[in-house]
Amino acid sequence: MDFAKLNKLVSVHGTPSLFLSQSRLRESYRSLAYALPGVELFYAVKSNAQPEIIDILQQEGSLFDICTNGEIDIVKQCGVPAEKCMHTHPIKRDSDIRYALDFGVTLFVVDNEFELSKFLLYKDRARLLVRMSVQNPSCMVNLSHKFGCAPTQTFSLIEKAHGMGLSVAGISFHAGSQNENPLKYIEALDFCRDICRKAALNGIILNTIDIGGGFPINYLNPVLPIQRFCQPINEYLERYFSNYRIIAEPGRVLSGPCMVLAARVMGKSLRSGVWWYYLDEGLYGSFSGKMFDHADYPLLVPRSGETFNSVLAGPTCDSIDVLYENIALPQLEIGDVLLFDSMGAYTTASATTFNGFPKAKIVVID
Ligand SMILES: *Cc1c(COP(=O)(O)O)cnc(C)c1O
């Protein structure tokens, strides 16, 4: 983060602002594409649906993972053709399936037999991936709590779909978001191998494996560089799935690093010996990711010197709106601008305007 440059931008755009770095976004996409050669990357729009992000990723060659009619509308408005999209929500209404089919999407995800029946009407227009659950309780965000068919049940669901005359392309999974352990993918791929073998023995040819998202980024703790993180996954794919179509659905790893938040100290107070600083952005805004996504963002303060036990809080009147407690900070002044890094994923996407505070403005830079 270039403090001087960002401060200049803040003086023009005010706070709270999320600065969206085009070059960082392009760099993240290119690094991931390089780290996962031959893997089709479908950006998970859910993580940040800002149209500029979709535009830039489309220019870089990205494909798109959409889950809802609303997300279809967003990519459509950005001129993304349906051939570049897949639908990954395991639970859909008939009207949702039709909306996606009418747009032109053909690849869908299911994880149970009730969902299979919904596709009987659209047999010839839809291909299915069966979502398998991956247990990862130690992960920051476990995405298999709510969706996914147990690995031991996945083959029988595929068999059932096949028996109903539905076209099953393969298996998808999500190893958990901000998953810091690449071996979780290997564990899931081991199950996929088994399932594909069983399917082949029963005359069902699967040709697609979707390894989902989950790729981690640096927050307060550094993670493995993406190239190293992906190395065991690549080796496994090369060895056992070289003739398969491989898909990934990266969200955070693309949208996370590209935004920096600038927020300002609105007021301060010394309460029972602790310095409280009230910022103009909080838990109901871009920091909603602290709540829903369990993320802790690296912060930069504009002062140095002796530090004191401090609290950073958001602007709303709710006591839950506290961002950082028990942190050592130099004395801050009202009007100081603080910067928070890696605030692109699951931040503005889940922000609200609670208590009358508008969402942070998004400013595209470089
Ligand atoms: C949220 C989600 C993603 C993106 O996950 P990240 O951890 O942000 O990479 C991908 N696929 C599905 C099905 C999701 O629900």
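Computed from a prediction, not measured in an experiment: that's the story for all the values here.

**Q** Can you break down the domain arrangement of the protein residue by residue, with the values?
**A** Annotation of the protein at the domain level lists domain 1 (3-17 + 257-365) and domain 2 (23-256). One C-alpha centre belongs to domain 1, the other to domain 2, and the line joining them spans 33 Å. At the interface, 20 residues of domain 1 touch 21 residues of domain 2. Buried surface at the junction of domain 1 and domain 2, summed over both partners, amounts to about 1800 Å²; 60% is from carbon and sulfur atoms. In terms of surface lost to domain 2, no three residues of domain 1 exceed Pro257, Cys258 and Tyr346, which account for 35% of the buried area on that side. Here domain 1 is connected to domain 2 by 2 salt bridges. Salt-bridge contacts for Arg24 lead to Asp341; the nearest nitrogen and oxygen are separated by 3.1 Å. At the boundary of domain 1 and domain 2, one finds 9 residue pairs in polar contact (both at pLDDT 80 or more). When residues of the side of domain 1 that touches domain 2 are traced back to their parent elements, those giving at least two are strand 10 (259-271) and strand 16 (361-365). When the residues that make up the side of domain 1 that touches domain 2 are grouped by side-chain class, the tally is 13 nonpolar, 4 polar and 3 charged.

**Q** If you had to explain the packing of aromatic side chains to someone new, which residues and values would you point to?
**A** Tallied over the full model, the rule gives 17 aromatic pairs. Taking 5.7 Å as the distance between ring centres and 75° as the angle between the ring planes, the aromatic pair formed by Tyr219 and Tyr297 counts as edge-to-face. Remark: Tyr297 occurs in the loop between helix 11 (288-292) and strand 12 (299-300) and Tyr219 occurs in the loop between strand 8 (208-210) and helix 9 (226-240); sequence separation between them is 78 residues. Both residues of the pair, Tyr219 and Tyr297, belong to the buried class. Ring geometry for Tyr284 against Phe354: centres 4.1 Å apart, planes inclined by 40°, an arrangement best described as tilted. Placement of Tyr284 in the loop between strand 11 (274-279) and helix 11 and of Phe354 in the loop between strand 15 (337-340) and strand 16 is noted, with a sequence separation of 70 residues between them. Classification of Tyr284 as partly exposed rests on a relative accessible area of 23%. One aromatic cluster is present, formed by Tyr219, Phe287, Tyr297, Tyr324 and Phe340 through successive ring pairs. One residue, Lys268, lies across the ring of Trp275, its end atom 4.9 Å from the ring centre. A cation over a ring is seen here: Lys290 above Tyr324, with NZ or CZ 4.4 Å from the ring centre.

**Q** I'd like a rundown of the environment of Cys192, residues and numbers included.
**A** If you trace the backbone, Cys192 turns up in helix 8 (residues 183-201). When the C-alpha positions of Cys192 and Pro37 are compared, they lie 20 Å apart, and in sequence the two are 155 residues distant. Excluding anything up to four places from it in sequence, Cys192 contacts Met132, Ile171, Phe173, Ile209 and Phe241.

**Q** Tell me about the site of the ligand, residues and numbers included.
**A** Around the ligand sit 15 residues, and of these Lys46, Ser177, Glu249, Arg252 and Tyr346 come closest. One of the side-chain nitrogen or oxygen atoms of Asp65 is found 3.4 Å away from a nitrogen atom of the ligand. The contact in question runs from an oxygen atom of the ligand to an N or O atom on the backbone of Gly214, over 2.8 Å.

**Q** Explain the layout of surface pockets to me, and be specific about the residues and the numbers.
**A** Counted as a void, the largest pocket has a volume near 700 Å³. Residue classes in the lining of the largest pocket are distributed as 12 nonpolar, 11 polar and 8 charged. In this model, the second largest pocket occupies a volume close to 330 Å³. The greatest single-element share of the lining of the second largest pocket, amounting to 5 residues, is contributed by helix 2 (residues 22-35).

Rules used in this analysis
Residues numbered from 1 in each chain as written. Predicted model: local features only at pLDDT ≥ 70, side-chain atom pairs only at ≥ 80, totals over all residues. Heavy atoms only, no water. Domains from an automatic or database assignment. Contact = heavy atoms within 4.5 Å. Buried area = accessible area lost by both parts, 1.4 Å probe. Salt bridge = Lys/Arg side-chain N within 4 Å of Asp/Glu carboxyl O. Polar contact = N/O pair within 3.5 Å; in protein donor to acceptor, adjacent residues only side chain to side chain. Helix = DSSP H or I, 4+ residues; strand = E, 2+ residues; numbered from the N terminus. Nonpolar A, V, L, I, M, F, W, Y, C, P; charged D, E, K, R; others polar. Phe/Tyr/Trp six-rings, centres within 6.5 Å; stacked < 30°, edge-to-face > 60°. Buried < 20%, exposed > 50% of the residue type's maximum accessible area, 1.4 Å probe, protein only. Lys NZ or Arg CZ within 6 Å of the ring centre and 35° of its normal. Near = heavy atom within 4 Å. 1 Å grid on protein atoms, 1.4 Å probe; cavity = no way out; pocket = protein on both sides within 12 Å on 5 of 7 lines; lining within 4 Å. Points joined across faces, edges and corners; volume = space filled by probe spheres on them.

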